[in-house]
Structures are given as C-alpha cells and as structure tokens.
Amino acid sequence: MFGRRVPPNVVFLLSLLLAVLCGVAAYRYLRVDNWLPGLLWAAVAVWFLVDAARASGWRKKP
C-alpha cells in the first residue's frame, strides 16, 4: 500500500465514474431550481473530469 502507485487506468476509471455521479447529482439539483448545490456538484464533476483527463495522459516509464 505505501510506496506503490495506483495504476493510471484505475485512476482514470474511478475519476470518470465519480464525475458521472457528481454530474447526475448536479443535474438533479439544477432540475428542481436548487442552484447553489447544483453548481457545487457541477464544479466537483468538472474537477473529476479534469483529473480523468490528466490520468489518461500518464504514461509508464520504459
């Protein structure tokens, strides 16, 4: 556990899953005109999307 890195594909998939879940929560809040939680969930969804994009760009050193 300590001293080992999580594989990039696992980080990518988990970040993508969390982005989708946060996006669904944001959509549900915004749909009922509850703007503040909706915008906060949308910001977290974007955060995880950026994290997934960064993880997809990681390459293992040969």
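What comes next is a walk through the structure.

Conventions used here
Residues numbered from 1 in each chain as written. Predicted model: local features only at pLDDT ≥ 70, side-chain atom pairs only at ≥ 80, totals over all residues. Heavy atoms only, no water. Helix = DSSP H or I, 4+ residues; strand = E, 2+ residues; numbered from the N terminus. Buried < 20%, exposed > 50% of the residue type's maximum accessible area, 1.4 Å probe, protein only. Contact = heavy atoms within 4.5 Å. Areas by Shrake-Rupley, 256 points an atom, 1.4 Å probe, with all protein chains shown as cover. Expected span 1.5 Å × (residues − 1). Axes fitted to C-alpha atoms, helices over the stretch in contact; angles between N-to-C directions. Parallel < 35°, antiparallel > 145°, perpendicular 65-115°, else oblique. Left-handed = near helix turned anticlockwise from the far one by under 90°. Arc of directions from axis to C-beta.

Secondary structure assignment for the protein chain yields two helices and zero strands. Dimensions of the protein chain, computed from C-alpha atoms along their principal axes, come out at roughly 50 × 25 × 15 Å. For the protein chain, buried positions account for 16% of its 62 residues. Sequence-distant contacts in the protein chain: of pairs separated by 6 or more residues, those separated by 24 or more amount to 58%. Summed over all atoms, the accessible surface of the protein chain reaches about 5,400 Å², with 69% contributed by carbon and sulfur.

Moving on to helix 1 (residues 8-31). Compared with an ideal rise of 1.5 Å per residue, which puts 24 residues at 34 Å, helix 1 spans 34 Å between its outermost C-alpha atoms and is within 8% of the ideal. Taken together, the buried positions of helix 1 are Val11, Ser15, Ala19, Cys22, Ala25 and Ala26. Buried positions along helix 1 lie against helix 2 (35-56). At the exit of helix 1 stands Asp33, carrying a positive phi of roughly 60°.

Contact geometry of helix 1 with helix 2 gives a least axis separation of 7 Å together with a crossing angle of 160°. In terms of their interaxial angle, helix 1 and helix 2 are classed as roughly antiparallel. At the point where helix 1 passes helix 2, the crossing takes the left-handed sense.

A separate point is the environment of Pro37. On the secondary structure map, Pro37 appears in helix 2. For the pair Pro37 and Ala25, spaced 12 residues apart in sequence, the C-alpha to C-alpha distance is 8.9 Å.

The subject of this paragraph is helix 2. The terminal C-alpha atoms of helix 2 lie 31 Å apart, and with 22 residues this matches the ideal 32 Å at 1.5 Å per residue to within 8%. Listed as buried for helix 2 are Gly38, Ala45, Ala52 and Ala55. Viewed end-on, helix 2 has its buried residues packed into an arc of 105°, placing them on one side of the element. Among the exposed residues of helix 2, those pointing more than 90 degrees away from its buried face are Trp35, Leu36, Leu39, Leu40, Trp47 and Arg54. Structurally, helix 2 contributes buried residues whose contacts are with helix 1.

Nothing here speaks to function; it is geometry throughout.
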